[in-house]
Structures are given as structure tokens and as C-alpha cells.
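# Close look at the chain arrangement
As a plain string of letters, each chain reads:
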Amino acid sequence: MEFSRLVSFPGAQLDALENTSYDIEVRTIDTYGQRSEPTKANAAPEDPTNEPAWSFSDRFNSRVTPDPVKWTLASPNGCGKATSGEGEDGRRLVISASCGDQSVALRARPPFRLLDKPVNGEFGRFVIETDQIGLGGILQLDLVPGPADLISGSPTGLTRVHEPAGAAADDPTLPPGAIRVWIAGQGSSTTDVGVIVAPGTPRTTRGGGSTTPKPPEIGFTVRWEVVFSEAGVQVVQDGVLIGTSNVVPTWREATALVGFVGQKNSVYAAVNLIGFVGAPTAAPVLVVPPPVDAGRVVIAPDAPLSTSANGARVKGAQGAQVRAVLLAQNKPGEDTGDIFSIEIGGATFPARPAIPGQPLSRGVRYPIVADVPAEALVLGPDGKTLPLRIRGPVHRGQAATNVVNATLELTAPEGAVSPAAGSGTDLPLPRIKPALPEPDVVFFNAAGKLLPGDAPVQRGRLVMEVRTNGRDGQRIAGRLAGLAGIEVRLDGERIAGIPTVVDGPGVGGRWRVALPTGGLDPGRHTIEVKAVGVDEKTIPALAYASFVLVD
């Protein structure tokens, strides 16, 4: 098997390798696609060593990934996907999403459980290996004492664990008892790590040493560990302690959520491992749920019923827990005390907060749950989708509460076992295409002096520099697409084409083009630069710039 990869910096992580030796060649590529002579090496991958005694772990190398017995993905209005990698991505988990600045979360179905007594000073560990931070995104490792799929919480502007204080910051948008470790990539220069907790979370006076996190490179996985120790919550990066925060959990069991926030409003993150170290745990038996149609907003309690008691019923379940995430629109700072119910199968059932004591606050995700009997699990007219509606107060003068996400956890009959992967549990596998280098344009005068933006340009000779940034392109999707060339248009008319495929696809660079302006009319003129890929299916990357010509 042979494959090649384009990268924007001197380093790459090779995944999905067999336990054998490989011949590796590395070449540099100039701005026109010319290749250097190769540097050659031979190496073999090593199996993981010194692994802890996992109470639960998944390396995402099974035939169906993610295994729905172990995982559920929640995202606002279905804007995210969890799928298996393919080709050089190998059998590992890929999280892809276009959710703006909203997080998506992978929920572990087995609960995270702490030991009653510490072993070597530790009660448990929450571990993940992912390349999310190298792509410039944010990773959120949440432990929540309740059946939540999505929560809020802001990572910005809060205490970092590697600062001398080392204290967790209170965040009123987190539900009671929740603990979040957040890790934010800041390009290739820095990485920020911190801990936030709900107000009232107990603290310890003990502490520990710390060091500054090492910035990960694009495409390189890093092992992050959240350690619950006698000294507090510790954060470990690739085996190195980078900070200790003075937090004491109020729970012995919690829901583990792995949250992803994208860089440039999109997520494409690979996950090689998630594991727990702690007390024994197990996933509940899976009964594969149908897709849920919960509507987009909460409806009034006295609205006519919109679901029917007649129709085919979900098979193989003794009942279900409806899990929904709401986003209130009440006035800032106002807790309305609203109570919600679930309409399903032509009947209504009371709902309760997934985390007791969480207030309903404007713009804060509010998870609720409701237990419903098997006879209420009535499919819609298509025989595949289960319709339900969430009912609650609709206040005059404000928008209705939004429904962000809704899922079903079906209760299996006694003695049932989870279905084998691939027996109807498979999920569709959308593919994220590699991204082209990001183009940009700057202008110089005839003497080579950089012209400030929107500065008037005198008639004569203007020099335009076209730049393409491979790193920015690679951060978009984790993979860099091959560059066939650059097209330049002035006021819609093509004036230059620069091929970048002398020996093969290009990866970016800089080019200067002389732009005579003697025949142009005075006024504003627009330059369009298009980066074109060697694969016709690759979406072109565009950049625009303008200048004002004066006599």
C-alpha cells in the first residue's frame, strides 16, 4: 500500500499503520510544485506501552465507529457528525461539524465513576487522545452529575491551570456540580488550559506544581488526562503535569462529555482514544432508537396535541428516557422557574431538570429528561421517525424557548444484550474533503514599498503579491489539498494564471505580479484571487482585495 500526503510544515503523523516496517520519503515543494530529491527512512510503529488499568476505553478501531453501544453525539439541530476515518485517517473517530461557535459533544454511555479510596493518590482519570488542539479549536472535557447531552460554559478569559494561582474559576452557566477542563489552541504559538466549575463547588487547600503546555502541531494527536487526585483536579499533557486546580467533586459518578468547538466555525477532529480509570463501569444495554423529531421551539401547554397515539410502535423497548436540551429566551438574569413536559404518542409526561438545581437562564443550555412508557413510543406516518414536542410556558414579549437537541435512551427488556456493531447500528459516513491553502493579496508601489489598505494609488505601475497560507488551509479540515494553480482577475477579467504543478501538486507560496494601471479608469478596482485544486471536486479558495486609482 502506498500513499502520499501534503503538509504545510515539516512534520506529519501517520495513522492506521500495520505492525510492520515502512519506507518513508520526504520531499520539499517550492511555490511552483517542483520537488526536491527525497530524504529516505525506514521505521515501524510501536504498540502502546504502560497503559493504565482502564475501567472503560475505546480506541475506535472497530468495524463500526463510533460504536453506538458506547457513544452518542449531540449537536445543535444536528450540525455535527461522528464517523469513522477512512484511508490514511484509518479506523479512528472523526468529529466533523459546522456549528459556528457552538460546541458539539460526544457522550459516553458508560458513566465515569471515581474510586471510593485513592490508589497512589488518585480517585480516577478521564483520558483522550485527539488532534483537536493542533487545528486551533477548543476541547472541553466535562463531567456532569446527571443525564445531560449538552451543557454551556465559557472557556474564555478564565483562570489557566498553569498560572501560579491554579484555582478553578466559577462559571454560573455550568450546571451544579459540573467540572470542565478546557483546552484552547492558539495556533502554533501557545495553548491555554483551564478549569471552570459551577459556583459552590468545594475546594481543597492542597495544590501542586505546573508547567506551560506545549503547543501541538497540526495533525498530531496529544494525550490529555484529567486526574482526580487528593491534591485536586490535575491536567496532564502527554505524561507531563501542566497544572493542578483546587477542585473537589461533589459526586462519585458523572456523565462524561467530550466537547468540540471549531476554529473558523468548523470542526474536523480525529480521536484515537478515550478512556476512564476508576471504579468499574459499563454501558447500559443498547436498544437502537429511531430518529427524533422534536420541533425547534417549545410550544404552549394548552396547544392542541400534535402527536398521535395511533401508529407503529418502537419495538424491543420497555420504555424510554427522553433527553432534551433547551435554550431559554427569558430576560437576562431572570429565572422564570418554568416547568416543562413532553408530548409523545398523544399524551404528555412531566419533565425534570437533568441536573437538579440548575436554573433556567437566558442563552444557557438547559438539559431536561422525562420517563415515558413503551406504549407512548409511537412512530410517525413515515414509520421511521418518532415525533415529540416539548411543552412549557410561552411568555408574552419574549421569544419561545428553543429546542437545541433531543434524543431517546430506550430501556431494554431484562436479559437483553446490545446488538453487535454493524447489525443496524451503522451511521452514515459524511466525508470532509481536504482544504486548499488560504489565499491573500497585498499591494506594493513601483519602489517595492507596501501600500497601506485603502490608500489611494497613483496611476502607473502597481505590484500585487499573492500569498497562499498552507497552515490556515490545513487547519480547516486537517488535510491539505493539492494546489493546481492561482487565477487572478481584475474587475472580473482574468489577467494572470500561475501554475503550481511542475512535478506535482503545490502546497502554497508567494508570487508577485506587475499590474499596469495606465489604461484603467479612476476609482475603485477589485482583485479576485482563486486557488484552484488538482482535484476538480475540491472547493476553490477565494480572496478579494481592492484599490482606489487616482490621477
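Residues numbered from 1 in each chain as written. Predicted model: local features only at pLDDT ≥ 70, side-chain atom pairs only at ≥ 80, totals over all residues. Heavy atoms only, no water.

Here we come to the overall build of the protein chain. A count of helices and strands for the protein chain gives one helix and 34 strands. Computed over the C-alpha atoms, the radius of gyration of the protein chain is 27 Å, within 12% of the 24 Å expected from 2.2 N^0.38 for a compact globule of 551 residues. Seen along its three principal axes, the alpha-carbon backbone of the protein chain occupies a region of about 80 × 60 × 50 Å. Looking at the protein chain residue by residue over its 551 residues, the buried ones come to 50%. Sequence separation of 24 or more characterises 76% of the internal contacts of the protein chain that already satisfy a separation of 6 or more. Taken as a whole, the protein chain presents about 25100 Å² of accessible surface, with 51% of it coming from carbon and sulfur. Here the protein chain contributes 51 positively and 57 negatively charged side chains, and the mean placements of these two sets differ by 2 Å. (Helix = DSSP H or I, 4+ residues; strand = E, 2+ residues; numbered from the N terminus. Rg over C-alpha atoms; globule rule 2.2 N^0.38 Å. Buried < 20%, exposed > 50% of the residue type's maximum accessible area, 1.4 Å probe, protein only. Contact = heavy atoms within 4.5 Å. Areas by Shrake-Rupley, 256 points an atom, 1.4 Å probe, with all protein chains shown as cover. Lys, Arg positive; Asp, Glu negative; His and termini not counted. Charge placed at Lys NZ, Arg CZ, Asp CG, Glu CD.)

Further remarks concern the sheet that holds strand β20 (residues 319-327). One open sheet accounts for four strands, arranged β23-β24-β20-β26; its pairing is antiparallel. The open sheet is flanked by β23 (352-353) and β26 (402-411), the only strands paired with a single partner. Relative to β26, β20 runs antiparallel, the two being bridged by nine bridges. Residue pairing in the sheet places Ala324 in a bridge with Ala406 of β26. (Pairing = 2+ DSSP bridges.)

Inspection of the secondary structure puts Glu493 in strand β31 (residues 493-499). Taking relative accessible area as the criterion, Glu493 reaches 56% and is therefore assigned exposed. It is 24 Å that separates the C-alpha atoms of Glu493 and Pro452, two residues lying 41 residues apart in sequence.

Below, the discussion takes up the sheet that holds strand β32 (residues 509-516). Spatial ordering of the open sheet is given by β27-β29-β32, a layout of three strands whose pairing is antiparallel. In this open sheet, the two strands that pair with only one neighbour each are β27 (438-444) and β32. Direction aside, neighbouring strands of the sheet carry axes that sit 25° apart on average. In terms of strand pairing, β27 meets strand β29 (residues 461-469) through seven bridges, oriented antiparallel. (Axes fitted to C-alpha atoms, helices over the stretch in contact; angles between N-to-C directions.)

Another point: the pattern of salt bridges. Note on pairing: side chains with opposite charge can pair once their charged atoms come close. Tallied over the entire structure, the rule returns 24 salt bridges. A salt bridge links Glu487 to Arg494; its shortest N-O distance comes to 3.4 Å. Look at the salt bridges and you will find they share partners, linking Arg107, Arg109, Asp149, Arg323 and Glu409 into a network. (Salt bridge = Lys/Arg side-chain N within 4 Å of Asp/Glu carboxyl O.)

Counting residues in hydrophobic clusters, the biggest one holds 45 residues, and the most contacted among them are Phe126 and Phe228. For this core, the element with the most residues is strand β18 (residues 267-277), which contributes five residues. With 31 residues, the next largest nonpolar core counts Val298, Ile342, Leu377 and Leu388 among its residues. (Core = buried A, V, L, I, M, F, W, Y, C linked by side-chain atoms within 4.5 Å.)

Attention now moves to the confidence of the model for the protein chain. Across the protein chain, pLDDT averages 87, with 91% of residues at or above 70. Mean pLDDT in the protein chain bottoms out at helix α1 (residues 470-477), which sits at 78, and peaks at strand β8 (residues 112-113), which reaches 98. Under a pLDDT of 50 for its full length, residues 423-430 has, in the predicted model, 13 contacts with residues more than four places off or in other chains. (pLDDT = per-residue confidence, 0-100.)

Using the criterion set out here, one finds eleven aromatic pairs in the structure. A centroid spacing of 5.7 Å and a plane angle of 75° characterise the contact between Phe126 and Phe276, whose relative ring orientation is edge-to-face. Taken together, the residues span a long stretch of sequence, with Phe126 in strand β9 (residues 122-130) and Phe276 in strand β18 at a distance of 150 residues. For Phe126, a relative accessible area of 1% puts it in the buried group. Since its relative accessible area comes to 1%, Phe276 is described here as buried. Here the aromatic rings of Phe228 and Trp251 are separated by 5.6 Å at their centres, their planes lie at 70°, and the arrangement is edge-to-face. On the criterion of sequence distance, the pair formed by Phe228 in strand β14 (residues 222-229) and Trp251 in the loop between β16 (240-245) and β17 (253-261) is long-range, its members being 23 residues apart. Residues Phe228 and Trp251 agree in their burial class; the two are buried. Through a chain of ring-to-ring contacts, three or more aromatic side chains come together here, namely Phe56, Phe60, Trp71, Phe112, Phe126, Phe228, Trp251 and Phe276. The lysine or arginine in question, Arg512, covers the ring of Phe444, its NZ or CZ lying 4.0 Å from the ring centre. (Phe/Tyr/Trp six-rings, centres within 6.5 Å; stacked < 30°, edge-to-face > 60°. Lys NZ or Arg CZ within 6 Å of the ring centre and 35° of its normal.)

Another point: unusual backbone geometry. Omega for the peptide link from Thr65 to Pro66 comes to 0°, which places this bond in the cis form. With respect to the helices and strands, Pro66 occurs in the loop between β3 (56-58) and β4 (71-74). Residues other than glycine seldom take positive phi values, yet Asp238 does so here, at roughly 50°. Position of Asp238 relative to the elements: it lies in the loop between β15 (232-237) and β16. Positive phi outside glycine occurs at Asp491, with the angle close to 50°. You can see Asp491 is positioned in the loop between β30 (483-490) and β31.

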